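Take a look at the letters that make up each chain.
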Amino acid sequence: MLDVIGLTPDEEELYRRLVQLTVARVDELARWLRRPRAEVVAQLDTLRDKGLVLPTGPDPDGPLRPLAPDVALGEALLRRQEALEAARAAVTRLTEEYRAGLRRHDADHLVEVITGAGVLRERLRDVQNSARSEVLWFCRANPLTMPGSENVEEFDALARGVRYRAIYERKMLLEPGALADVEQGVRAGEQARVLDRLPVRLAIVDARTAICPLVPDRDIGEPSAAVIGRSQLLDALLALFESHWLVATPLRSATTPAGDADGYLPDADEVRLLSLFVAGVPDKSIASQLGVSRRTVQRRLADLMTVAGVDTRPGLAYQAARRGWL
């Protein structure tokens, strides 16, 4: 075992025998080990040079005794560890250089292009199933491959602790059943926000893989997408998401409790109404989503303005956020 710090197996066996005997002469050690005397003498000289053996007296042929190994071998072990750490660091640097070279000279190691709605749908399922920390979404209107109601992988990932942050295009919330799908995700733990318009469709998993369509939605034919690995391009897509996340409007589930310092607690219908209102959804569309008339929406908003002590809709949006209703 000690060959890694400079002791041969024969030298280690000789030293161990001397440790067992505590004190011994050369001839005695040669008999125990059944080796030629000259061979034992040479090995003892090596052990003496390494600080592991010392004569008990002035007679060079006299008895020998072992010295503690931690002092003599500890320094050698430390040097070995330092050398291994330096080698490990060098291998890490070399590996990064190797990967960087591949990325520079072979785009296949950076971007994979996939084509077809079915292929894209399966890849989106696969990356979510492999997610360990966080999934980011840009969700535009008129999904190309997988409507929210079909994305059951999200709920499995949320259940195992994966964080989901999704930004929805406002137009998407006007599609039949879309708001109910979003609310279901929010109740399961998804963090959802809304913007008037998103620049692209996008999914990013664990900050290591991004999937982004390559052609505009209006183009006819099978959709194609780029699967992007770790690179400056992926860093740019992450920055794009975070910049939109900062300015997007949060969406809450209608079942999420909210209240202000005055003790007013909006009910579930009011929370849902306010979420759509603050997200900029038109009154007519809010009425359709809630299953009520447009006049009922306007009346409820007026009642909330009275509670908030404001007489304008922008004032209601501000007070809803300040009071913690949303």
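Refer to the structure printed above.
Because the structure is predicted, anything quoted here is derived from the model rather than measured.

A. Geometry of the nonpolar core. Ranked by size, the top nonpolar core spans 46 residues in total, and within it Trp-137, Ile-286 and Leu-316 carry the most contacts. Ranked by the residues each element gives to this core, the list is headed by helix H11 (residues 294-308), at 5 residues. In contact with Ile-286, other than residues within four places in its own chain, are Leu-273, Leu-276, Phe-277, Val-281 and Val-297. Core analysis: the second largest hydrophobic core is formed by 17 residues, Leu-195, Leu-198, Leu-202 and Ala-226 among them.

B. Broad picture of the pattern of salt bridges. Scanning all chains against the criterion turns up 19 salt bridges. One salt bridge connects Glu-13 with Arg-35, and the closest N-O pair in it is separated by 2.5 Å. Within this pair, whereas Glu-13 is found in helix H1 (residues 9-21), its partner Arg-35 is found in the loop between helix H2 (26-33) and helix H3 (37-49), the two being separated by 22 residues in sequence. Residue Glu-13 is classed as partly exposed on the basis of its relative accessible area, which comes to 41%.

C. Expanded view of the sheet that holds strand E10 (residues 249-251). Strand order across the open sheet formed by 8 strands is E3-E9-E8-E7-E4-E5-E6-E10, with mixed pairing between neighbours. The outermost strands of the open sheet, each flanked by one partner alone, are strand E3 (111-115) and E10. Going from strand to strand, the sheet's axes swing by 20° on average, the running direction of each strand aside. Pairing between E3 and strand E9 (residues 224-228): 5 bridges, direction antiparallel. Residue Glu-112 lies in a different strand from E9, and its bridge partner there is Val-227.

D. Structural view of the packing of aromatic side chains. Per the stated rule, a full pass over the model turns up 2 aromatic pairs. Geometrically, the ring pair formed by Phe-241 and Trp-245 is stacked, given 5.9 Å between the ring centres and 20° between the ring planes. Placement of both Phe-241 and Trp-245 in helix H8 (residues 232-247) is noted, with a separation of 4 residues, approximately one turn of the helix. Taking relative accessible area as the criterion, Phe-241 reaches 1% and is therefore assigned buried. The class for Trp-245 is buried, based on a relative accessible area of 7%. Ring pairing ties together the aromatic residues Phe-138, Phe-241 and Trp-245, which thus form one cluster. The lysine or arginine in question, Arg-165, covers the ring of Trp-245, its NZ or CZ lying 5.1 Å from the ring centre.

E. Quick peek at the packing of H11 against helix H12 (residues 313-322). For the pair H11 and H12, interaxial distance at closest approach is 10 Å and the crossing angle is 65°. Where H11 crosses over H12, the two elements pack in a sense that is left-handed. Side by side, H11 and H12 meet where Gln-298, Leu-301, Leu-304, Met-305 and Ala-308 of the first sit next to Arg-313, Leu-316 and Gln-319 of the second. Here the contact of H11 with H12 is built from residues that sort into 5 nonpolar, 2 polar and 1 charged.

F. Broad picture of the packing of helix H9 (residues 268-278) against helix H10 (residues 283-290). It is at 10 Å that the axes of H9 and H10 come closest, and there the two elements cross at 150°. Once H9 is placed against H10, the crossing between them reads as right-handed. Note on element contacts: H10 touches H9 through Ile-286, Gln-289 and Leu-290, opposite Arg-272, Leu-273, Leu-276 and Phe-277. Across the contact of H9 with H10, the residue classes tally to 5 nonpolar, 1 polar and 1 charged.

G. Quick peek at helix H6 (residues 152-159). Of the positions making up H6, those classed as buried are Glu-153, Glu-154, Ala-157 and Leu-158. In an axial view of H6, the angular spread of the buried residues amounts to 135°, which keeps them on one side of the axis. Buried residues along H6 sit against helix H5 (117-129), strand E5 (163-169) and helix H7 (178-188). Looking one or two residues past H6, Gly-161 carries a phi angle of roughly 100°, positive in sign.

Cut-off values and rules
Residues numbered from 1 in each chain as written. Predicted model: local features only at pLDDT ≥ 70, side-chain atom pairs only at ≥ 80, totals over all residues. Heavy atoms only, no water. Core = buried A, V, L, I, M, F, W, Y, C linked by side-chain atoms within 4.5 Å. Buried < 20%, exposed > 50% of the residue type's maximum accessible area, 1.4 Å probe, protein only. Helix = DSSP H or I, 4+ residues; strand = E, 2+ residues; numbered from the N terminus. Contact = heavy atoms within 4.5 Å. Salt bridge = Lys/Arg side-chain N within 4 Å of Asp/Glu carboxyl O. Pairing = 2+ DSSP bridges. Axes fitted to C-alpha atoms, helices over the stretch in contact; angles between N-to-C directions. Phe/Tyr/Trp six-rings, centres within 6.5 Å; stacked < 30°, edge-to-face > 60°. Lys NZ or Arg CZ within 6 Å of the ring centre and 35° of its normal. Left-handed = near helix turned anticlockwise from the far one by under 90°. Nonpolar A, V, L, I, M, F, W, Y, C, P; charged D, E, K, R; others polar. Arc of directions from axis to C-beta.

The quantities given are spatial measurements derived from coordinates; they are silent on function.
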